[in-house]
Amino acid sequence: MSGDWSASAHQLFKEHDIKQVAYVPDAGLSKLIKSSLADNDIQTVPLTTEEEGIAVSAGAWLGGQKCAVLMQSSGVGNTINMIASLTTTCAFPLFMIVTMRGDYGESNPWQMPMGRAVQPVLEAVGVRCLRAETHEEAADAVKAGLMMSFHGGEAVAVLIGQKLIGAKPFTGAHAGMQAED
Amino acid sequence: MATQKLFRRDVVKKLMSVRGDALCISGLGSPTWDLAAADHRDENFYIWGGMGGATPTGLGLALAQPDRKVWVITGDGEQLMGVGSFSTVALQQPKNLAIIVLDNEHYGETGMQAAPTGRGTDLAAMAAGAGIAQTMTVTDEAGLDDLMKRLTDGNFPLVAVVKVDVRTGETVMPPRDGKYVKTAFRMAVLGADKAQHPG
């Protein structure tokens, strides 16, 4: 597969009959969210916090549908008990796409600790992580992850690296300082 | 002098008399024991953890099964932990989802510590504020009759907060194997072929 990973992901959602896409927005997810919103066969479920998406996904599976859950890496911290308690205990399939912050090239110190924690914390509660640093790797990981979760019965997170989505610049005037002339 | 508050076991038993073929999700703690005591069947998904997850689980199910009614039965503390899910539900406006909060104004499973719902926090008002049009607070038998009528009429989404006292019934445990409960539920709702070969 070539081209933007988001377009490939949307195509793969169709092939795998994904009927619900639950998400908390992130810039790196905006294309996939937009194409999901424009797709009449997909019910998009915007969330107030990421752990809701884990539960929505479980509920969808109980009712015979597949749900993909999209979030930024910071939001992974919100999901841990829901994944451990609901997903892992009951062996629900789970497919997440996580766009990374606090990763390659990050300049916001507040993002760094969670960026480091995402993979070990997900793995600690039973989620398999597939990291991707290029469009091709991301598309491949989405394809593999959908197969592993909904056919293989696993909990899988595709981690889209900041090397791919780009670091957001944090620069500006310094509070309380006189601008230099 | 106020009359005695409703007893949660009587409430759930009464509600189950108008359940029909509704699918039920119960929130951790007493609501799970209440549902198991009143109407144990495969179409119950009993949650023993994942605090805050009962309502969004019900939402995912309601969206997947638009022709079946889905009732979430949970507690005030559980719903408060996931209170943003009222907003998530309101955005979807599922015509088949009812959320019934058994509100004893305490954290019952952890030693009956006081909850904010007994000190001014109004879950029905929070649901209304999130954009759910049908909300009600039930405090007596007449209110319970009204709730049963609304559950039957199915003007959903509905959030009903039922004020109950701190009495708990005998602990009635549903199967504790979550994998089994999940698969039994799917078998009952989807049939064996789809449940076992989701492809």
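Being a predicted model, the structure only gives us computed values, none of them experimental. (Residues numbered from 1 in each chain as written. Chains lettered and ligands numbered in written order. Predicted model: local features only at pLDDT ≥ 70, side-chain atom pairs only at ≥ 80, totals over all residues. Heavy atoms only, no water.)

Novice: Explain the overall build of chain A residue by residue, including any values.
Specialist: Of the regular secondary structure elements, chain A holds seven helices and six strands. When the helices and strands of chain A are listed from N to C terminus, the series reads α-β-α-β-α-β-α-β-α-β-α-β-α. Taken against the 2.2 N^0.38 rule, which gives 16 Å for 181 residues, the C-alpha radius of gyration of chain A at 17 Å falls within 12% of a compact globule. Its C-alpha atoms give chain A principal-axis dimensions of roughly 65 × 35 × 25 Å. Every one of the 181 residues in chain A was classed for burial, and the buried ones make up 54%. Within chain A, counting contacts between residues at least 6 apart in sequence, those at least 24 apart form 77% of the total. Per element, the accessible surface of chain A, about 7800 Å² overall, is 53% carbon and sulfur. (Helix = DSSP H or I, 4+ residues; strand = E, 2+ residues; numbered from the N terminus. Rg over C-alpha atoms; globule rule 2.2 N^0.38 Å. Buried < 20%, exposed > 50% of the residue type's maximum accessible area, 1.4 Å probe, protein only. Contact = heavy atoms within 4.5 Å. Areas by Shrake-Rupley, 256 points an atom, 1.4 Å probe, with all protein chains shown as cover.)

Novice: Now, about helix 6 (residues 123-130) of chain B: what can you tell me, with residues and values included?
Specialist: All names here are of chain B. Looking only at helix 6, the buried set comprises Leu 123, Ala 124 and Ala 127. The buried residues of helix 6 occupy one face: seen down the axis, they fall within an arc of 105°. For helix 6, the secondary structure elements touched by its buried residues are helix 4 (76-81), helix 5 (85-92), strand 4 (97-103), strand 7 (134-138) and strand 8 (158-163). Downstream of helix 6 by a residue or two, Gly 131 has a phi angle that is positive, lying close to 110°. (Arc of directions from axis to C-beta.)

Novice: Now, about the sheet that holds strand 7 of chain B: what can you tell me, with residues and values included?
Specialist: Residue and element names in this part refer to chain B. What the six strands build is an open sheet, ordered 2-1-3-4-8-7; its pairing is parallel. Pairing within the sheet leaves two strands with one partner each, and these edge strands are strand 2 (44-46) and strand 7. With strand direction ignored, the average angle separating the axes of adjacent strands in the sheet is 15°. Relative to strand 8, strand 4 runs parallel, the two being bridged by six bridges. Directly across from Ile 100, in strand 8, lies its bridge partner Ala 160. On the sheet, helix 6 packs against strand 4, strand 7 and strand 8 and is oriented at approximately 175° with respect to strand 7. (Pairing = 2+ DSSP bridges. Axes fitted to C-alpha atoms, helices over the stretch in contact; angles between N-to-C directions.)

Novice: Let's hear about the interface of chain B and chain A: which residues, and what values?
Specialist: Contacts between the two partners involve 30 residues from chain B, matched on the other side by 28 residues from chain A. Roughly 2300 Å² is buried in total at the junction of chain B and chain A, and carbon and sulfur atoms are behind 62% of that figure. Our enumeration of links across chain B and chain A arrives at zero salt bridges. There are 13 residue pairs in polar contact (both at pLDDT 80 or more) connecting chain B and chain A. Broken down by secondary-structure element, the contributors of at least two residues to the side of chain B that touches chain A are helix 3 (54-64), helix 5 and helix 8 (178-190) of chain B. Counting residues per element, the side of chain B that touches chain A draws most heavily on helix 3 of chain B, at seven residues. For the side of chain B that touches chain A, a count of residues per class yields 12 nonpolar, 14 polar and four charged. (Buried area = accessible area lost by both parts, 1.4 Å probe. Salt bridge = Lys/Arg side-chain N within 4 Å of Asp/Glu carboxyl O. Polar contact = N/O pair within 3.5 Å; in protein donor to acceptor, adjacent residues only side chain to side chain. Nonpolar A, V, L, I, M, F, W, Y, C, P; charged D, E, K, R; others polar.)

Novice: Tell me about the packing of aromatic side chains, residues and numbers included.
Specialist: Under the counting rule described, the total for this entry stands at five aromatic pairs over all chains. On the basis of an interplanar angle of 85° and a centroid distance of 5.1 Å, the ring pair of Trp33(B) and Trp48(B) is categorised as edge-to-face. Highlighted residues: Trp33(B) in helix 2 (residues 30-39) and Trp48(B) in the loop between strand 2 and helix 3, separated in sequence by 15 residues. For Trp48(B), a relative accessible area of 33% gives the class partly exposed. Look at Phe45(B) and Phe185(B): their rings are 6.4 Å apart centre to centre, the planes differ by 80°, and that puts the pair in the edge-to-face class. Highlighted residues: Phe45(B) in strand 2 and Phe185(B) in helix 8, separated in sequence by 140 residues. Three or more aromatic residues joined by ring pairs form one cluster here, namely Phe92(A), Phe45(B) and Phe185(B). One residue, Lys182(B), lies across the ring of Phe92(A), its end atom 5.6 Å from the ring centre. (Phe/Tyr/Trp six-rings, centres within 6.5 Å; stacked < 30°, edge-to-face > 60°. Lys NZ or Arg CZ within 6 Å of the ring centre and 35° of its normal.)

Novice: Outline the sheet that holds strand 2 (residues 43-46) of chain A, listing residues and values.
Specialist: Residue and element names in this part refer to chain A. Ordered by their spatial adjacency, six strands build an open sheet running 2-1-3-4-6-5, and the pairing between neighbours is parallel. Each of the sheet's edge strands pairs with one partner strand only, and the pair in question is strand 2 and strand 5 (127-132). Within this sheet the neighbouring strands show an average axis-to-axis angle of 20°, counted without direction. Here six bridges tie strand 5 to strand 6 (residues 155-160), and the two strands are oriented parallel to one another. Bridging across to strand 6, Arg 131 finds its partner in Leu 159. Seen against the sheet, helix 4 (residues 73-90) touches strand 3 (66-72), strand 4 (94-99), strand 5 and strand 6 and runs at an angle of roughly 145° to strand 3.

Novice: Before we move on, could you go through the side chain of Thr49(A) and cite the residues and values that matter?
Specialist: Residue and element names in this part refer to chain A. Structurally, the position occupied by Thr 49 is in the loop between strand 2 and helix 3 (50-62). Within the local environment of Thr 49, its side chain forms a polar contact with the side chain of Glu 51, the two groups lying 2.6 Å apart. Filtering out sequence-adjacent residues up to four positions away, Thr 49 remains in contact with Val 24 and Asn 78.

Novice: Please provide a residue-by-residue account of unusual backbone geometry, values included.
Specialist: All names here are of chain B. In this chain, Phe 156 is followed by Pro 157 through a cis amide linkage whose omega measures 0°. Along the chain, the position of Pro 157 falls in the loop between helix 7 (141-153) and strand 8. At Gln 93, a position not held by glycine, the phi torsion is positive, near 45°. Owing to a relative accessible area of 28%, Gln 93 belongs among the partly exposed residues under this scheme. Despite not being glycine, Glu 105 shows a phi value in the positive range, around 65°. Tracing the backbone through its elements, the reader meets Glu 105 in the loop between strand 4 and strand 5 (106-107).

Novice: I'd like to hear about the packing of helix 1 (residues 8-16) of chain B against helix 2 of chain B, residue by residue, with values.
Specialist: Residues and elements named next belong to chain B. Between helix 1 and helix 2, whose axes approach to 9 Å, the crossing angle comes to 50°. If you check the angle between helix 1 and helix 2, you find them oblique. Seen from above, helix 1 lies across helix 2 with right-handed handedness. Contact residues: helix 1 offers Arg 8, Arg 9, Val 12, Lys 13 and Met 16, while helix 2 offers Ser 30, Pro 31, Trp 33, Asp 34, Leu 35, Ala 37, Ala 38 and Asp 39. (Parallel < 35°, antiparallel > 145°, perpendicular 65-115°, else oblique. Left-handed = near helix turned anticlockwise from the far one by under 90°.)

All we've got here are geometric facts, nothing functional implied.
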